[in-house]
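# Coordinate inspection notes
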Amino acid sequence: MAQSLQTSEVFVKNTFGLPVAVRCTEDAEAISHKNGLSFVELLRPFSQPTSSAQLRDLQGRAYSVRNMRVRFSEPRSEPMPEGKLRLTLGQVVLESGNSDGESRVGQQAITGAGGSVLQYPTPWFDQYCEVFLDNLKQLDYEYIRHYVCVMLVVSTRHPRPVEGFQELYKLQKEAEKAQYPKWLTPNLYYYHVLLHDASEGSPVPVQESYDRVRSAYGPAVCQLLIINSKQPGPTPASKGGVVPDPWRQYVRMPPTMEAKEEVEGYVTSKVQFVIGGTKPSVMGPNATLVPREIVLKPSEVREEPMLIDLDSEPTSSPSANMSNVEVGSDPLNQLFGDPQQGGEPPYSLVVQSGSGNLSVSSDSAASGSFVSLDRVGGRSQRVVGQCLSLADHNTLRTFVQEFLFGRLVPHLDSVLRKVHETYSNRHGGVQRIWKAIRKSTSIGGPTLSPSGQGADDSSHDSAELQARLVGDLAFLLHNYEAAYTLYNTARKGLNHVAICYAGALEMSALSAFMMPSNKLNKKDVVTALEEAYSSYVTTVKSTSLALRTIMLLSEVMKEREMYRELTQLILVKMTGPEDDDVRNALFLEQVAHAFLHTKPPMIRKYAFHMVLASHRYYRAMQRVHSRRVLRHAFDVYAQKGWSLAEDFIGFSLARYSFSLHKLDEATMYFERLLSHECSQSPQQQLTNLKEYIFVQKQRLNSASVLQQVPLGMQSTTLASTEQMHHLPSFPVPLIRTSCVAVTFATGVDHAHLSRLVKKCAFQSKGARSALSEDLPAMGEGGHGYSPVLPHRAVSVSDDDLGQFGIGTSSYSPRPSEVSTMEVEREWHTLEAWASGQKEHTFRSSVLYLDDTTDNSYAPMCIVNEPIAVNLVFKNQLQVMLNMVRMSLLWHFTEETQANKIGATTEVIERLILEPDEERPVTFHITPLKEGTIEVVGVVYTLTVQDAHLPGDSPTQPVPRTTLPSLAATAKDSIYERSAGVSVQTVLSEGIQGKVAFGVRGQRLNTSKAERCATMYRPDYRLKWTVIEPQPKIVASLTGLTSWSLIGQVTRLTLEVINCGHAPLESLRLATSLSDHLLLETSPQANLPIYPYQSSSVGSSSSPTPGDPRPHLPPGVTIPLPDGCLHQGQRVTANLLLHSPESVCDIPCNLMFCYKKLGATNASSMRYRVLRHTCTLKVRDSLQVKAYTAHSYVPAKDLTNQGDLNNLLITLEVENRCQVNAAIEIQVLQVSSVSNNWRIQKVDPNQSVPKLLPGVGGLIHLKAMRFADTVPSPKGVWFNDVPLGLDTVNSSQFPTAHFFYSSEAYRSLGVEGKASAPTCDLALIVLWKACVPIGADMVYSYGQHTVSIELPQSMTSLSCAPVPLPGPLTPPAYDMVKYLFDHAPTVRHDFSRCALCRVPVKLVVQNCCKAKLEVAVQFVPVKDSTNQSVLFLWSGNISGRRVIELEPNATRTISVYANFTAPGVYNLNSVQVEATVTGTTGLFVQRRQRASYVTVME
């Protein structure tokens, strides 16, 4: 159970305190009412003195009496009816605690397997027990609850105080003759109190009145009490300070209704008085009556839209609830008593209206009227003790102490001894008589009856009841050992009367529990109390007595720490009946707290029983407590993976909070329902969304903060921040903070650019005067993401390669590898060169910001240039979200407050997110003046329509949910009275709110303090500094295709336009492919890429010295007219792009750098950059392989150097293009680059035909060493060998520049960077490709470079044997080598014979020291274009031919190659596999060099 502020022993002592009846005159009560208290309430805080007294027990032993309590009360003529007692107890429970229904005194944290919870005291349960026990009906045989004394109180205001006491005395004597209340002895102890108000007159006449009273009744039973020595109002600090209020925990305070709807209690909610005769059970468990007069004003009687009761079915009208009501006597009279028979009306209701007061009471029951009221508010707080000073408090404390220990305790001690003496004298004779009766009869004893009425042996004079009386007196005087003995004696003699037996057994167990010696163990005490409970329930059938026993038993078990047994006891015995929901809710809550004290604590069981208690509280209309216990259960279930339980509790909390007008809290719980991916059905989620909008609307209307915020928060005053603060924060949709990205300068104002171009004086011939819709534009795309496109996509070729530019289309993330450190380092290097800065001493320009960039510096943006904010919205619900008029929410500040708007934002009229959809959205904001702008969130209007479920059409109604809907149960008429519109109008119009960004920087983890704490780097990606207007370029690049061939040279046209608001200068272009991109010196697009000169076939040009390799920076400087580019002007330049000589998809980074005219290092922006990344797709084209051999000449021609001066070079060229099967490639020229060699044709008439894909050819060249090695004065010698009629000077631009960027030039070692050159000769192969595009033919040009290595000594198949390293792991791929022996050239007349047969010998050699099995397979060669066979093999080639080779042996296989057309054919189309004899598994051998045969006609 919950930890109480008092111990179990104190609880038992307070339960069975000394009952004292108090009777006061009206004048005495008037003096007490000056403090807002009755006289009984005035004494209650001081009814338990802290001092002690010394007494002697019946055996004469001394013992101490401590913590004795006096229970002051006004005697009633009859016990409180059960129904009224329930209402009182319910109201007491609701009024206990603070405004949230929970005491924060004595809280402690408990940690278990299910988490950690905060346990708290439950003063409402203590108040419930106290009020219940105080108002329990007095029984004849429970003397311990009979009044032991009567206190008569008369004030000095009475004209005759003695006569006043006489009147009270007569009233008391009449009450003693009645059946109720009960009195301990016929001769009661009377105590006379003369009450005086200190503020009324001098004490002289008061003393005279007191002397007359003392002379009339004796000084021992009289007392003068003087109070009210303080004037009403607060006490200054100089005169004693603040007087404490000891009555707060003892006196019930009325509920209050403050202006902020802080509900600390209620009078009634949905109270229905059904007049016309009905039983209490018919009225339902939630019916609540007001047991005192209530005054309502018209404005205080209102209905509230609330969820229907879970325990009842909705009805259409009040008459539906009255259809089954029985007509009979007044149910209120049945419940509380008929007022005509002396009972007073149980309630009185007065409603103030314009025509007067409407009074409804039990007297008007016959009218059959129906009154419905929701809530009563506006009550004033009850102020008590305002006339009592600290001295008065001490006076009251001393008065009670002297009365208790000086008068009452000695009187009761004397009564105890007299009664005990009488009992002792009679006890012996009675026992002898009973023994004789039992011996003379066969029956063991009389039959057990529920009561002692009519039983002669159970009369008040019986010895057993005398023992009970003595035991009760001893218990009241804390003599527990004597009480235990007497209770056992009474229990044994009264075992035939159930109520007396159970009472004696109960008190016997309590006496044993209270004894210091503790003679009984804990099991005996618990067993005795359980037996008493069973007797009360089964035989006596008294639920009130059984409830009291359970209360006492729970305290005993709590003291003995029997929490596990306590939970089983209460769950079985007290939470089953459905008649009292308040009681069941209280005990379920206590059971939940008991689970926290088990070892180990059961946190989840605690939460489960708190949910059950909340349901019972809700049925009892205890909404405050129902919400309170659910909040504690929610703390356990929240974020533990129990999504269904968490959603149910959250929905209930939202409902209860709304019914209590706690709209902020209801909104919070609805937001939690919508903010995570719950497991509820789509219908339920739609209901949650509707109710959230409805509650949010109610909250804003009640707080008067519903203001439509202008889009963009277009204000620079403090009011804009406050207005933004009042906007509600929506939980849907989610914004992924990790995907929040900002791209600067992302759009082009086409209208502004057109105006600039028209006004510009710089108009070259043929230039466009206005920017057309298809103007290619290249913009500032950010690294890590694809470039953002303009309003119209920019195409850089007819093949729709891809689009790069600036604009407003939605962004899409690029592959993550683009955002690597290498790419950032490359951009940094390019910008360093383009801006003229040192690479390690400057910070790169900020063009793009996301969670991977360094956001610790505030970026700069420019006036009138749009900024793109890229967001990713996630709809975590299973219903469709409809958002209208979405815009960024920003705040602008500036040094000088001006009336000009700070920025403009883009507005998205409607955005619909499907269930579980994740969609990127781009917003644009354009600053309009200098200052600081910060984007704080997104503002939009959230609406709900009927077709928000997937698959629903707008005409289909949304299915109703199983859980009651807050918006559905709120009728339109109710909402119209509060806001003037209907619920459907609220849902369709929606409500405006915001979703704030939770952007934060990376977590710091460098120092120990940062690792121990949670610290983050500042993040300024959404806070920008706006500077003055700057120049801005739009660049277009035409001529680039979607793919290019290896080595292809492409002419690109670059056009740059200044579309900014200032002139620019120093325009530079830097690229990551600086070796492959050159600025053309003559920017005339009609000139060929290679300058040709006429030549004769077969002639070779003389060696020409080439230019030394120029210094190639990572970019080019674009010349500007007059050194600057004004607004609207354009400049054009031609670029040559040489594709890499390998198949690849290589990224190409382009960076333009420029600065404002006249900008210096002190300017706010020294320069601007424009980035773009595109991908070059390089595909296979011409494959060139070079084979060298020494040239053998006749001996007469040998010089001193012999064959070392001549070299035979065979170039094997093959069209490997796979992009288009119709592409033909023709080799135009071969040029040599060397300081020692020059080349010429072997056959002057040799030419290479056009090669189709898959077709190759041979070019035979002869290299000759210079007679005298003369180094080139400019670097190297170029020698050109044309294969056609035109010659290209390879030593000039651009052939030489592209050669200088190749690997072949680096291998020459001309620059001296290499320690030793790897080759002495390099070849440049120029070619032309014919690409068919539709009906046209497009010619492309390119060049390849080949490095020539000097040959070694040549012998046929003279390679060293490859040793086999034991087992074939790894397998040997060079175990066998082979070559073809055939005629190099064959002439055949295909007109006479269509088939040409060429004999071929295949020589196979074993290069291992082991015996091999070799499998040879001849494969026919097919055309790659039409898959036709080029030539076939014939001879002994059926299938796979297997031969055996001894170590180092050679074998020859003779076959025939059959050709049907002339051409150059590669005969190397065999597949050779080998393995060691005796092993399994053949291994494919390495393919040898090609062997060509030329078939001529």
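Residues numbered from 1 in each chain as written. Predicted model: local features only at pLDDT ≥ 70, side-chain atom pairs only at ≥ 80, totals over all residues. Heavy atoms only, no water.

## As for the sheet that holds strand β7 (residues 149-155)
Remark on secondary structure: sheet strands pair via backbone hydrogen bonds, oriented parallel or antiparallel. Pairing in this open sheet of five strands is parallel, and the strands run β4-β1-β7-β8-β9 from one edge to the other. One side of each edge strand has no neighbouring strand; the edge strands of this open sheet are β4 (70-73) and β9 (222-227). Geometrically, the sheet is characterised by an average inter-axis angle of 30° between neighbouring strands, direction not taken into account. Strand direction decides the pairing type here: strand β8 (residues 189-197) and β9, joined by six bridges, are parallel. Looking at β9, one finds that Asp197 is bridged to Ile227. (Pairing = 2+ DSSP bridges. Helix = DSSP H or I, 4+ residues; strand = E, 2+ residues; numbered from the N terminus. Axes fitted to C-alpha atoms, helices over the stretch in contact; angles between N-to-C directions.)

## Brief notes about the nonpolar core
Among the nonpolar cores identified, the biggest contains 230 residues, and Phe39, Phe72, Met151, Phe475, Phe873, Val938 and Trp1024 are the most heavily contacted of them. When near neighbours in sequence (up to four residues on either side) are disregarded, Trp1024 contacts Val742, Phe744, Pro859, Cys861, Ile867, Val869, Ile925, Gly931, Thr932, Ile933 and Val935. Grouped together as the second largest cluster of nonpolar side chains are 34 residues, Phe1380, Val1404, Ala1474 and Val1476 included. (Core = buried A, V, L, I, M, F, W, Y, C linked by side-chain atoms within 4.5 Å. Buried < 20%, exposed > 50% of the residue type's maximum accessible area, 1.4 Å probe, protein only. Contact = heavy atoms within 4.5 Å.)

## Observations regarding the confidence of the model for the protein
Chain-level pLDDT for the protein is 74 on average; 70% of the residues reach the 70-or-more range. Segment residues 256-380: pLDDT under 50, and 232 contacts once partners within four positions in sequence are set aside and those in other chains are kept. (pLDDT = per-residue confidence, 0-100.)

## Focus: the pattern of salt bridges
This model, assessed by the stated rule, comprises 34 salt bridges. Residue Asp57 pairs with Arg61 through a salt bridge whose shortest N-O separation is 3.0 Å. Arg61 gets classed as partly exposed once you look at its relative accessible area, which sits at 47%. A salt bridge links Glu176 to Lys173, with the shortest nitrogen-to-oxygen separation between them at 3.7 Å. Here Glu176 pairs with Lys173, and both are found in helix α6 (residues 161-177), just three residues apart, close to one helical turn. (Salt bridge = Lys/Arg side-chain N within 4 Å of Asp/Glu carboxyl O.)

## Concerning the packing of aromatic side chains
Overall, the coordinates contain 32 aromatic pairs when judged by the stated rule. Aromatic pair Tyr1378 and Phe1380: ring centres 6.2 Å apart, planes at 85°, arrangement edge-to-face. Exposure class is identical for Tyr1378 and Phe1380. Each is buried. Judged by centre distance (5.1 Å) and plane angle (50°), the ring pair of Phe1418 and Trp1433 falls under tilted. In this pair, Phe1418 is assigned in strand β50 (residues 1412-1418) and Trp1433 in strand β52 (residues 1429-1435), connecting sequence segments 15 residues apart. Overall, the relative accessible area of 9% leaves Phe1418 in the buried class. Grouping aromatic residues by their ring pairs yields a cluster made of Tyr1378, Phe1380, Phe1418, Phe1431, Trp1433, Phe1459 and Tyr1465. Positioned over the ring face of Tyr618 is Arg655, at 5.8 Å from the centre of the ring. (Phe/Tyr/Trp six-rings, centres within 6.5 Å; stacked < 30°, edge-to-face > 60°. Lys NZ or Arg CZ within 6 Å of the ring centre and 35° of its normal.)

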